[in-house]
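If you want the building blocks of each chain, they are given just below.
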Amino acid sequence: MQLDFERLFDALPSPYMVLDAKLNYITVNAEYERVTMRPAGEYPGRFVFEMFPNEGESGRRLRDSFERVLATGQSDSIAYLPYDIPRPPELGGGMERRFWTCHHTPILDDDGVVRFIVQNTVDVTEVVRLTEAATIPFSATAGATRLLERAREVEEQRKALLAESDEFRRLFQQAPGFFAVLSGPEHVFTFANDAYVRLVGGRNVTGRPIREALPDIAGQGFYEMLDEVYTTGRSTGGEAMRVVLQRHPNEAPEEVFLDFSYDAICDRDGDITGVFVQGMDRTEAVRTQQRQRLLLDELNHRVKNTLATVQSIASQTLRSARDLASARSDFEARILALSKAHNLLSAQEWESTRLAEVLASEFSVYDAARISVEGPPVTLTPKASISLALVVHELVTNAAKYGALSEAGGAVRVRWRLEEGDGPLVLEWTERGGPPATAPERRGFGSRMIGAIVAGELGGSFEPAYDPAGFSCRIVVSADAVMKG
Amino acid sequence: MAPNDVPPGLAVFVVEDEALVALNLESMLDDLGCRVVGPAMRFDRAQAMIDEGVEADVAILDVNIGGRSVFDLAVQIRERGIPILFATGYGRGGIPGEWQHRPILQKPYTERDVGRAIREALAGAERTGD
């Protein structure tokens, strides 16, 4: 005898319907027709959510369930689903509140692809109403009520779990640290969060083995570390480890520094199924550290050099001093001149000083009427600033002790110019109105220092002249001590 | 010879870009009984002296001359068979590997340090034959 499956389907005492893979109705049975209050002829070819629209959470849950079936080829159930359906106009129209239990079964083709979904849905509205009216004991439905309450609990629990895992996924996705999950011996990316994707320059890594997804890190030891973790299960990682990434095909490779760890992922049996990658991009911190290291080295170097200069001033001052008292005041004055030059440089962040400022700083204690300073703007390198400040200090000190500034009425005139076309700086120093100048019998430290700085260090010349009218000198400084006008 | 002594009349080629430091080193070398060749305080001046065939028994080189590294000069001075020692504010970390075994004067240094470093440079030169 031939069994007529269509008749059998129609005769089933429970509501059934069949959807295709696009969620369009193929057919519904008589019981389905009855509980949904719509004629069976309306269904075929119509989209399920067109027939029963629901923009709320219930609609989303139903859609998710269908999609799980399509994606996995496995059955899926919703134990408890509030879902309103339209009421036919002859029964008053509008929407009617209903509660359902749904079971979705896939029908696969020969290749294992889901072609149809069979839904068995049971209208449990009456039971729910009874539960809601549970103040009245109703022995006939007591068992059904308990079953339904259990179903509701299970469904609530599942929803909570889903929400929780969604929440975790979002947390991982947006975490500031980078995370990725690699699966299998080829380390196929099954998850990479936003920070990870940013780290690798926005490349799409998901679903690809690491050697194919990130070929630029070949030869840097990371594939091998992953292989090791996958084989042995031993965690590994690195701190501030240098990685060179080719983030974009047409740009230069970039150097980054990462803190990271690789940990094996195990299944319930303890077998390793993949590697969990997590870490932080430390590039900025490492760069800052490197800059600080350089600055510290440079500071240390400058301090050592300055100490060597101070040592020389102390030693040379003591060697040439007539007595301890004059040694002390000469030494203090020279250190002060050095300190003032540092102040001027510090004000310009150790980049330069202006010659006029260097002179003004040394002349500051004298009556401005006795000093005349004139020349074009000249900017000095840091080294030349310190050196010329010491030279000017010696000249001013000499003028105060033996020259024009040692007597009332004496005056100092300073004129300078820059020779044409990157030529040297020429400075003329003239003292008038003081005692006659005579060449010293013994060359003191001051004049030795001026000679060494101007001729040796600044590649120029120092020409003193001792006249009855007063001391004068001409100082020539090579152009490389001068930065610009 | 006393422990601090260096051979009398030793010719010392000095390359140092800080005039004050160079002056002080000159005084120390005077006290040690050495004869100062230079001092060259600028890179081009030091290069000119080497080109003119500078004669010296030992060379004291500041590693940074007006912002330029002294090691280009050091190679030429070594070629002339003059033992070298370096003066630096950076310490041994600022010396390239090739020159690491040379004596180093860490700034600031004393006359005793200078004497010791010169003796080391001379002894090292005898051992290696350069």
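Above this text is the structure in question.
What comes next is a walk through the structure.

Cut-offs and rules
- Residues numbered from 1 in each chain as written.
- Chains lettered and ligands numbered in written order.
- Predicted model: local features only at pLDDT ≥ 70, side-chain atom pairs only at ≥ 80, totals over all residues.
- Heavy atoms only, no water.
- Helix = DSSP H or I, 4+ residues; strand = E, 2+ residues; numbered from the N terminus.
- Buried < 20%, exposed > 50% of the residue type's maximum accessible area, 1.4 Å probe, protein only.
- Contact = heavy atoms within 4.5 Å.
- Areas by Shrake-Rupley, 256 points an atom, 1.4 Å probe, with all protein chains shown as cover.
- Phe/Tyr/Trp six-rings, centres within 6.5 Å; stacked < 30°, edge-to-face > 60°.
- Pairing = 2+ DSSP bridges.
- Axes fitted to C-alpha atoms, helices over the stretch in contact; angles between N-to-C directions.
- Buried area = accessible area lost by both parts, 1.4 Å probe.
- Salt bridge = Lys/Arg side-chain N within 4 Å of Asp/Glu carboxyl O.
- Polar contact = N/O pair within 3.5 Å; in protein donor to acceptor, adjacent residues only side chain to side chain.
- Core = buried A, V, L, I, M, F, W, Y, C linked by side-chain atoms within 4.5 Å.
- Expected span 1.5 Å × (residues − 1).

Within chain B, the regular secondary structure consists of 4 helices and 7 strands. In chain B, which comprises 130 residues, the proportion classed as buried is 54%. Taking contacts inside chain B between residues at least 6 apart in sequence as the whole, the part at least 24 apart equals 64%. With an accessible surface of roughly 5500 Å², chain B has 46% of that area assigned to carbon and sulfur atoms.

On to the overall build of chain A, then. Helix and strand counts for chain A stand at 14 helices and 20 strands. Of all 485 residues assigned to chain A, the portion counted as buried reaches 39%. Across chain A, every contact between residues at least 6 apart in sequence was considered, and the portion connecting residues at least 24 apart equals 52%. Accessible area of chain A: about 26700 Å², with a carbon and sulfur share of 55%.

The next point concerns the packing of aromatic side chains. Under the counting rule described, the total for this entry stands at 18 aromatic pairs over all chains. Pairing Phe260 of chain A with Tyr262 of chain A gives two aromatic rings, centres 5.0 Å apart and planes at 55°, and the pair type is tilted. Tyr262 of chain A carries the same exposure label as Phe260 of chain A, and that label is buried. Ring centres of Phe86 of chain B and Trp99 of chain B lie 5.7 Å apart, and the angle between their planes is 80°; this geometry places the pair in the edge-to-face category.

Residues and elements named next belong to chain A. Taken together, 5 strands build an open sheet; the order of strands is β2-β1-β7-β6-β3 and the sheet is antiparallel. The open sheet is flanked by β2 (25-28) and β3 (76-82), the only strands paired with a single partner. Looking at each pair of strands side by side, their axes are set apart by 20° on average, direction ignored. Bridging between strand β1 (residues 16-20) and β2 involves 3 bridges; their strand directions are antiparallel. Bridge pairing links Met17 to Val28 in β2. On top of the sheet, helix α4 (residues 57-72) reaches β1, β3, β6 (99-108) and β7 (114-123); it is set at about 175° to β3, its chief contact.

So, about the interface of chain B and chain A. Counting residues at the interface gives 20 residues for chain B, matched by 28 residues for chain A. Across the chain B/chain A interface, buried area totals approximately 2000 Å², and carbon plus sulfur atoms make up 54% of it. At the surface where chain B touches chain A, the tally comes to 3 salt bridges. Residue Lys383 of chain A is joined to Asp17 of chain B by a salt bridge in which the shortest nitrogen-to-oxygen separation is 3.8 Å. The interface formed by chain B and chain A contains 13 residue pairs in polar contact (both at pLDDT 80 or more).

Further remarks concern the sheet that holds strand β11 (residues 254-266) of chain A. Residues and elements named next belong to chain A. The antiparallel open sheet is built from 5 strands, whose spatial order is β9-β8-β12-β11-β10. Here the strands that pair on one side only, and so sit at the sheet edges, are β9 (188-192) and β10 (236-245). For this sheet the average axis-to-axis angle between neighbouring strands, irrespective of direction, equals 30°. Direction of pairing for strand β8 (residues 178-183) relative to strand β12 (residues 272-281): antiparallel, over a ladder of 6 bridges. Looking at the pairing, Leu182 lines up with Val275 of β12.

Glancing now at the environment of Ala360 of chain A. For Ala360 of chain A, the position within the fold is in helix α12 (residues 355-363). Counting along the chain gives 11 residues from Ala360 of chain A to Ile371 of chain A, while the straight-line C-alpha distance between them is 9.6 Å.

Another aspect to go through is the environment of Ile371 of chain A. All names here are of chain A. As for its placement among the helices and strands, Ile371 is situated in strand β14 (residues 371-374). Given a relative accessible area of 15%, Ile371 falls into the buried group. C-alpha of Ile371 to C-alpha of Val412: the two residues are 41 residues apart in sequence and 5.1 Å apart in space. In this structure Ile371 touches Phe363, Tyr366, Leu405 and Val412, once residues within four positions along its chain are discounted.

Let us look at the pattern of salt bridges. Applying the stated criterion across every chain, the model contains 40 salt bridges over all chains. Between Arg334 of chain A and Glu394 of chain A there is a salt bridge, and its shortest N-O distance comes to 2.6 Å. With Arg334 of chain A in helix α11 (residues 324-347) and Glu394 of chain A in helix α13 (residues 382-401), this residue pair connects regions lying 60 residues apart in the sequence. In this pair, the class of Arg334 of chain A matches that of Glu394 of chain A, namely buried. Here Arg116 of chain B and Glu120 of chain B are joined by a salt bridge, their closest N and O atoms 3.0 Å apart. Placement of the pair is Arg116 of chain B and Glu120 of chain B together in helix α4 (residues 111-128), with a separation of 4 residues, close to one helical turn. The class of Arg116 of chain B is partly exposed, set by a relative accessible area of 35%. Put simply, Arg417, Glu419, Glu428, Glu463 and Arg474 of chain A are held in one network by salt bridges that share partners.

Residues and elements named next belong to chain B. In terms of burial, strand β3 (residues 58-62) is largely enclosed, as 5 of its 5 residues are buried. Of the two faces of β3, the one holding Val58, Ile60 and Asp62 and the one holding Ala59 and Leu61 are both buried throughout. By the bridge criterion, 4 bridges tie strand β1 (residues 11-15) to β3 in an arrangement that is parallel. Residue pairing for β3: Phe13 is matched across the bridge by Ala59. Sheet topology places β3 next to strand β6 (residues 84-88); 4 bridges connect them, and they run parallel. Within β6, the residue paired with Leu61 across the bridge is Phe86.

Mapping Ser478 of chain A onto the fold places it in the loop between β19 (470-477) and β20 (482-484). A polar side-chain atom of Ser478 of chain A sits 2.5 Å from a polar atom in the side chain of Asp480 of chain A.

Here the focus is the nonpolar core. Grouped together as the largest cluster of nonpolar side chains are 50 residues, with contacts concentrated most on Leu355 and Trp429 of chain A. The set of elements that each furnish at least two residues to this core consists of α11, α12, α13, β16 (411-418), β17 (425-432), α14 (445-457) and β19 of chain A together with α1 (19-31) of chain B. A per-element tally of this core places α13 of chain A first, with 10 residues. Listed in part, the 27 residues of the second largest apolar core include Tyr196, Val243, Phe260 and Val275 of chain A.

What follows covers α4 of chain A. Spanning 16 residues, α4 of chain A covers 22 Å between terminal C-alpha atoms, matching the ideal 22 Å at 1.5 Å per step. The positive-phi residue at the C-terminal boundary of α4 of chain A is Gly73 of chain A, with phi of around 75°.

Here we take up the side chain of Thr88 of chain B. Mapped onto the fold, Thr88 of chain B is located in strand β6. In contact with Thr88 of chain B, other than residues within four places in its own chain, are Val63, Ile95, Ile104, Leu105, Gln106 and Lys107 of chain B.

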